[in-house]
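A closer look at the structure
This is what each chain is made of:
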Amino acid sequence: MPLREMIDISRFLKQVQLCKGEVEFYTREGDCLNLKSALSKYLFAAVTADKELAHAGEVRCQVEGDYDLLADFLLVN
Amino acid sequence: MEDGTMLDDRNYIKENLVGDIPHRILLFTQLLRAAYKIDSWCLGGADDHVHLFNSSSEHQEILRTFLEISGGFDFIALNQDAQCPVFFSDALGCIWAGEWTPQNAEEFGNLLFILGPVMYGKNTIRNLESRLDSLHHSKSVRDALLAVLQEVPVVEPNTFMSLGVMLHCVLTGEEISMADCVYQSENTAGRSSGEDEEDDILHPSYEQSSQATESLIMRMVREGDVDGAKRYHGKKWLGKPLQLDIYDSMREMQDTLIVFIALCSRAAMEGGLPARLAKNLEQQYISAVESTRMPTALTDLSMTMFLDFTQRVQSVRAGPSLSRPIQDCCAYIQTNLLKNIDLKTLAAEVGYSEYYLTKKFAGEMGMKLSDYIKQQRVEYAKILLQTTDKGVQEISDQLRFSSRNYFSAVFQSFTGMAPAAYRAANTAKGGSSCR
């Protein structure tokens with residue numbers, strides 16, 4: 001699911017830590033960032049500072065229930 | 001701490017801090033920017049609502065996010081009562097320093113001033129580039145991060161720590177030393193559960209003692225000059241920069257500290273510390289260096305080690321009244337704390353009967369032999385609690401206590417606090433001796 005606009009990235013990443021499974025961010029160019037990895041968090045923060053890159057990407061949760069935890073930050077179809 | 005409204009309000013600082021502090025802060029931040037390109041930040045707020053009042057950073061939004069996900073806020077909040085500069089590292093290898101204002105600003109409470117980020121060596125960015133190469137991300141992802149980090153200034157550790165001391169002076173008017181600052185260590189890093197540890201990158205460069213500095217430090221250790229050591233380690237850290245930039249900077253920093261430990265150990269032996277004890281201490285501290293992954297923790301460890309050797313030499317030199325066999329007995333105990341120590345072996349080691357050794361030991365030392373062994377194990381446990389992230393059970397087992405409960409009871413009887421409480425108290429405020 002794509003990210004909402006104007007979200008607080010650090011709050012979103014804290015919420016990701018509460019997810020049971022892996023949470024990944026896929027960029028338009030096919031990069032996969034594991035949002036529970038320390039380095040990838042910084043990459044994600046850098047990428048999402050560019051609004052165009054941020055909204056062209058997609059968040060995927062391995063555990064379906066984790067989408068509920070991130071609902072405030074994701075655009076539900 | 002969570003995000004709140006981002007403000008850019010220098011007037012708030014001017015209106016809510018009294019005296020000439022606002023003027024001093026603004027001048028200091030301008031000087032930092034002009035001389036070192038170091039950014040400064042002023043924040044305030046409660047746990048769930050943080051305001052950024054002012055920042056000199058050109059990458060304000062993204063670096064603020066970096067600061068928030070570094071866990072540094074939590075570490076600084078934990079040390080608010082310390083009333084001194086707090087240094088911490090993030091997973092990229094950048095270093096930050098912060099301190100709370102002593103005055104309450106209305107609505108937002110104490111304000112927090114942060115300096116950074118800086119890097120301690122050029123290798124930090126080079127190694128990060130290598131790490132990113134290995135991940136095979138697209139150019140746009142890679143460049144998004146590197147574009148920000150390439151603007152981060154490289155500053156020598158001594159210089160950055162001095163700026164932290166200056167920040168304290170700006171905020172309070174008080175003069176302090178580097179030893180009064182708090183340095184984040186491994187077990188105060190506060191890694192989130194589930195966070196991947198493998199890709200943390202910490203690469204500061206380091207420093208090496210010049211010959212004159214080295215001679216001065218070694219003299220202090222050799223002579224057990226604790227007062228001199230306390231004065232010295234608060235002022236300067238290890239002399240001239242090495243700055244070889246030939247390999248991993250964190251490794252370089254660790255290697256330099258290992259050399260320093262070996263030199264202190266040698267000087268302590270020359271000062272009268274029994275060789276086996278000195279070598280044992282040397283191994284303990286080298287193990288701690290090898291298990292350390294944070295530059296700020298190495299600073300803390302270096303100061304602890306330097307004072308520990310110096311204080312032990314002072315103790316040896318102050319107590320020449322002990323007979324040689326009892327000195328040997330103490331040295332044997334101190335070097336075999338991780339093994340079972342039985343009276344029969346001890347007696348054989350010093351050439352006395354078991355009965356005579358216990359009597360003579362109690363007579364000279366003023367305590368039972370068994371109590372001395374417990375005391376020394378507690379001293380060792382203190383070092384492990386301060387410098388490693390080993391659990392209480394593991395430390396209890398390592399030091400041959402029959403159970404965790406018994407270890408905790410013995411530890412409490414000597415220190416007045418439980419092991420976990422001791423760790424919490426002594427790792428939040430860095431630079432304290434492990435004695």
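Attention in this report is confined to the structure presented alongside it.

Cut-offs and rules
- Residues numbered from 1 in each chain as written.
- Chains lettered and ligands numbered in written order.
- Predicted model: local features only at pLDDT ≥ 70, side-chain atom pairs only at ≥ 80, totals over all residues.
- Heavy atoms only, no water.
- Helix = DSSP H or I, 4+ residues; strand = E, 2+ residues; numbered from the N terminus.
- Buried < 20%, exposed > 50% of the residue type's maximum accessible area, 1.4 Å probe, protein only.
- Contact = heavy atoms within 4.5 Å.
- Areas by Shrake-Rupley, 256 points an atom, 1.4 Å probe, with all protein chains shown as cover.
- Core = buried A, V, L, I, M, F, W, Y, C linked by side-chain atoms within 4.5 Å.
- Phe/Tyr/Trp six-rings, centres within 6.5 Å; stacked < 30°, edge-to-face > 60°.
- Buried area = accessible area lost by both parts, 1.4 Å probe.
- Salt bridge = Lys/Arg side-chain N within 4 Å of Asp/Glu carboxyl O.
- Polar contact = N/O pair within 3.5 Å; in protein donor to acceptor, adjacent residues only side chain to side chain.
- Pairing = 2+ DSSP bridges.
- Axes fitted to C-alpha atoms, helices over the stretch in contact; angles between N-to-C directions.
- Parallel < 35°, antiparallel > 145°, perpendicular 65-115°, else oblique.
- Left-handed = near helix turned anticlockwise from the far one by under 90°.
- Nonpolar A, V, L, I, M, F, W, Y, C, P; charged D, E, K, R; others polar.
- Expected span 1.5 Å × (residues − 1).
- Arc of directions from axis to C-beta.

1. Observations regarding the overall build of chain A
- Along its length, chain A carries four helices and three strands.
- The order of helices and strands in chain A, counted from the N terminus, is α-β-β-α-α-β-α.
- Within chain A, the fraction of its 77 residues that count as buried is 53%.
- In chain A, of all internal contacts separated by at least 6 residues, the share reaching a separation of at least 24 is 62%.

2. Remarks on the overall build of chain B
- Across its full length, chain B carries 19 helices and seven strands.
- In chain B, which comprises 435 residues, the proportion classed as buried is 56%.
- Of all intrachain contacts in chain B linking residues separated by at least 6 positions in sequence, the fraction that spans at least 24 positions is 72%.
- Taken as a whole, chain B presents about 18,200 Å² of accessible surface, with 48% of it coming from carbon and sulfur.

3. Section: the nonpolar core
- Counting 59 residues, the largest nonpolar core has A:Phe12, B:Phe66, B:Leu145 and B:Leu149 as the members making the most contacts within it.
- Of the residues forming this core, the biggest block, eight residues, is contributed by helix α2 (residues 38–48) of chain A.
- Among all residues touching B:Phe66, those that are not within four sequence positions of it are A:Tyr42, A:Ala45, A:Ala46, B:Leu92, B:Leu145, B:Val148 and B:Leu149.
- One finds B:Ile261, B:Cys264, B:Ala268 and B:Ile383 within the second-largest nonpolar core, a separate group that totals 29 residues.

4. Structural notes on the packing of aromatic side chains
Residues and elements named next belong to chain B.
- What the rule picks out here adds up to 16 aromatic pairs over all chains.
- Judged by centre distance (5.3 Å) and plane angle (65°), the rings of Phe361 and Tyr372 are edge-to-face. A residue pair is termed long-range when its members are at least 10 positions apart, and Phe361 in helix α15 (residues 354–365) and Tyr372 in helix α16 (residues 369–387) qualify at 11 residues.
- Look at Phe361 and you get buried, because its relative accessible area is 0%.
- For Tyr372, a relative accessible area of 4% gives the class buried.
- In this structure an aromatic cluster arises from ring pairing among Phe401, Tyr406, Phe407, Phe411 and Tyr422.

5. Thoughts on the interface of chain A and chain B
- Every contact between the two is made by 25 residues of chain A and, on the other side, 32 residues of chain B.
- Looking only at chain A, the three residues that lose the most surface to chain B are A:Leu39, A:Tyr42 and A:Leu43, adding up to 30% of its buried area.
- At the boundary of chain A with chain B, the tally comes to one salt bridge.
- Counting across the chain A and chain B interface gives four residue pairs in polar contact (both at pLDDT 80 or more).
- Broken down by secondary-structure element, the contributors of at least two residues to the side of chain A that touches chain B are α1 (9–17), β2 (32–34) and α2 of chain A.

6. Description of the pattern of salt bridges
Residue and element names in this part refer to chain B.
- One pass over the full model with this rule turns up 17 salt bridges over all chains.
- A salt bridge links Arg33 to Asp39, with the shortest nitrogen-to-oxygen separation between them at 2.5 Å.
- Looking at Asp39, the relative accessible area reads 8%, which means it is buried.
- Linking Asp133 and Arg142 is a salt bridge whose minimum nitrogen-to-oxygen distance equals 2.9 Å.
- For Arg142, a relative accessible area of 22% puts it in the partly exposed group.

7. A few points about the sheet that holds β2(A)
Residue and element names in this part refer to chain A.
- One open sheet holds the three strands; their spatial order is β2-β1-β3, and the pairing between them is antiparallel. Taken across any chain shown, the strands that pair with only one partner, and hence form the sheet edges, are β2 and β3 (58–61). Adjacent strand axes in the sheet meet at a mean angle of 25°, parallel and antiparallel pairs treated alike.
- Of the pairings in the sheet, the one linking strand β1 (residues 23–26) to β3 comprises four bridges and is antiparallel in character. The partner of Phe25 across the bridge, within β3, is Val59.

8. So, the packing of helix α13 (residues 324–335) of chain B against α16(B)
Residues and elements named next belong to chain B.
- With their axes 10 Å apart at the nearest point, α13 and α16 run at an angle of 45° to one another. Taken together, the axes of α13 and α16 are oblique relative to one another. For the pair α13 and α16, the sense of crossing is right-handed. The residues of α16 that touch α13, namely those facing Cys329, Cys330, Ile333 and Gln334, are Leu369, Tyr372, Ile373 and Gln376.
- Partitioning the contact of α13 with α16 into residue classes produces six nonpolar, two polar and no charged.

9. Some details on the environment of A:Glu64
- Relative to the assigned elements, A:Glu64 resides in the loop between β3 and α4 (66–69).
- C-alpha of A:Glu64 to C-alpha of A:Lys20: the two residues are 44 residues apart in sequence and 9.6 Å apart in space.

10. So, the pairing of β1(A)
- Bridge analysis of β1(A) against β2(A) gives three bridges, and the strand direction is antiparallel. Residue pairing across strands places A:Phe25 opposite A:Leu33, the latter belonging to β2(A).

11. Notes on the packing of α1(A) against α2(A)
Residue and element names in this part refer to chain A.
- In the contact formed by α1 and α2, the axes pass within 11 Å of each other and the chain directions differ by 145°. Here the hand of the crossing between α1 and α2 comes out right-handed. Across from Ile9, Phe12, Leu13 and Gln17 in α1, the residues of α2 making contact are Lys41, Phe44, Ala45 and Thr48.
- In the contact of α1 with α2, the residues fall into five nonpolar, two polar and one charged.

12. A look at helix α18 (residues 404–415) of chain B
Residues and elements named next belong to chain B.
- Between its first and last C-alpha atoms α18 spans 16 Å; for 12 residues at 1.5 Å apiece the expected length is 16 Å, and the two agree.
- What α18 keeps buried is the set Phe407, Ser408, Val410 and Phe411. Projected onto a plane normal to the axis of α18, the buried residues spread over an arc of 165° and lie on a single side. Opposite the buried face of α18, by more than 90 degrees, sit the exposed residues Asn405 and Ser413.

Keep in mind these values describe shape, not function.
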